[in-house]
Every structure is written in structure tokens, then in C-alpha cells.
Amino acid sequence: MSIAGRDPAELADEYAIGLLDEADRAELERRMAADPALAALVAAARERFLALDLGVEPVTPGAGLWARIEGALDAGAGAGPAPDAAAT
């Protein structure tokens with residue numbers, strides 16, 4: 001995904017909580033180095049989300065977690081889109 005043209009506040013939030021992929025994260029970091037306003041948005045987002053980070057204890061997932069997730073995704077891959085509830 002490209003970050004070009006996206007809302008800076010939304011990007012700051014996604015950066016702060018780790019949702020950007022490696023390329024987008026690197027691009028945003030380059031932009032922050034040249035744009036103090038963007039850096040301030042990221043700092044504010046980090047502060048805003050800090051309580052979420054401090055509010056839980058880290059947990060190491062079990063060894064089989066990803067296998068179960070992948071299995072569930074594979075099982076639902078042929079199901080198609082969910083029916084539109086408004087159409088029924």
C-alpha cells in the first residue's frame with residue numbers, strides 16, 4: 001500500500017500502533033524527518049495510544065496459533081463474500 005495522498009493524522013495513528021508495512025513505515029519516517037508537523041502528529045498519536053500499550057501484559061502466543069489462523073482462513077477462502085444483511 002502507498003501512503004501518498006493519505007490523511008496524515010490517520011497515517012500517524014497507523015504508525016503509532018504498528019499497522020504500516022515496512023515500506024510505508026520507512027516512507028513515513030523519511031517524511032517525518034523533513035516535516036515537523038507530521039512528526040508532531042505521530043508524537044501525539046503515540047501519547048494517545050500509550051494507555052492501550054500500558055494497560056495489558058504482553059503474551060507470547062502458542063506455537064500453533066498461526067497454523068490455526070491459516071487453517072481458518074483457508075477454510076473460509078471459498079465461501080465468498082458475506083451476504084448483505086440489508087438485502088434479506
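Look up a bit, the structure's there.
The following refers to the structure shown. Each chain has its residues counted from 1, following the order in which its sequence is written. Restriction of local features to residues with pLDDT of at least 70 applies here, the model being predicted, together with a cutoff of 80 or more for giving and counting side-chain atom pairs; totals for whole chains, interfaces and linings are based on all residues. Note that the side-chain values use all heavy atoms of the structure and ignore hydrogens as well as water.

Here the focus is the overall build of the protein. Each helix and strand counted, the protein has four helices and zero strands in total. Helix and strand definitions follow DSSP, with helices as H or I runs of at least four residues and strands as E runs of at least two, each counted in order from the N terminus. Counting from the amino terminus, helix and strand elements in the protein follow one another as α-α-α-α. Summary of the burial criterion: residues with accessible area below 20% of their type's maximum are buried, those above 50% are exposed, and those between are partly exposed, where the area comes from a 1.4 Å probe applied to protein chains only. The buried share among the 88 residues of the protein stands at 15%. Should any heavy atoms of two residues lie within 4.5 Å, those residues are counted as being in contact. When contacts within the protein are restricted to residue pairs at least 6 apart in sequence, those whose partners lie at least 24 apart make up 48%. Residue-level accessible areas treat just the shown protein chains as cover; the underlying method is Shrake-Rupley with a 1.4 Å probe. Roughly 6700 Å² of accessible area belongs to the protein as shown, and the carbon and sulfur atoms make up 61% of that amount.

Time to look at the pattern of salt bridges. For salt bridges, the criterion is a side-chain nitrogen of Lys or Arg within 4 Å of an Asp or Glu carboxyl oxygen. Counted by the stated rule, this structure contains five salt bridges. With its nearest N and O atoms 2.8 Å apart, the salt bridge here joins R6 to E14. For the pair formed by R6 and E14, the shared burial category is buried. The partner of E27 in a salt bridge is R31, and the shortest N-O contact between them spans 3.1 Å. Here E27 and its partner R31 are both found in helix α2 (residues 22–34), four residues apart, which amounts to about one turn of the helix. Residue class for E27 comes out partly exposed when judged on its relative accessible area of 25%. Taken together, the shared-partner salt bridges connect R6, E10 and E14 into one network.

Nonpolar side chains (Val, Leu, Ile, Met, Phe, Trp, Tyr) within 5 Å and like charges within 9 Å form the patches, drawn only from residues with over 30% relative accessible area and no salt bridge. Where nonpolar side chains cluster on the molecular surface, the patch consists of W66, I69 and L73 and spans about 340 Å² of accessible area. A residue is classified by how much of its surface remains accessible, and W66, at 59% relative accessible area, is exposed.

Moving on to α2. Between the first and last residue of a helix there are one fewer steps than residues, each counted as 1.5 Å, and that sum is the expected span. Here α2 is 13 residues long and its end C-alpha atoms lie 19 Å apart, about the 18 Å a rise of 1.5 Å per residue gives. Buried within α2 are the following residues: D24, L28 and M32. Down the axis of α2, the sector holding all buried residues measures 75°, keeping them to one side. Set apart from the buried face of α2 by more than 90 degrees, the exposed residues are E22, A23, R30, A33 and A34. As used here, the arc is the angular range of directions from the helix axis to the C-beta atoms.

What follows concerns the nonpolar core. One broad rule of soluble globular proteins: the nonpolar side chains tend to lie buried together. Among the buried residues, those of types Ala, Val, Leu, Ile, Met, Phe, Trp, Tyr and Cys that are joined through side-chain atoms within 4.5 Å form a nonpolar core. Grouped together as the largest cluster of nonpolar side chains are 10 residues: I3, L11, A12, Y15, L20, L28, M32, L38, V42 and A45. For this core, the elements supplying multiple residues, two or more each, are α1 (8–16), α2 and α3 (36–54).

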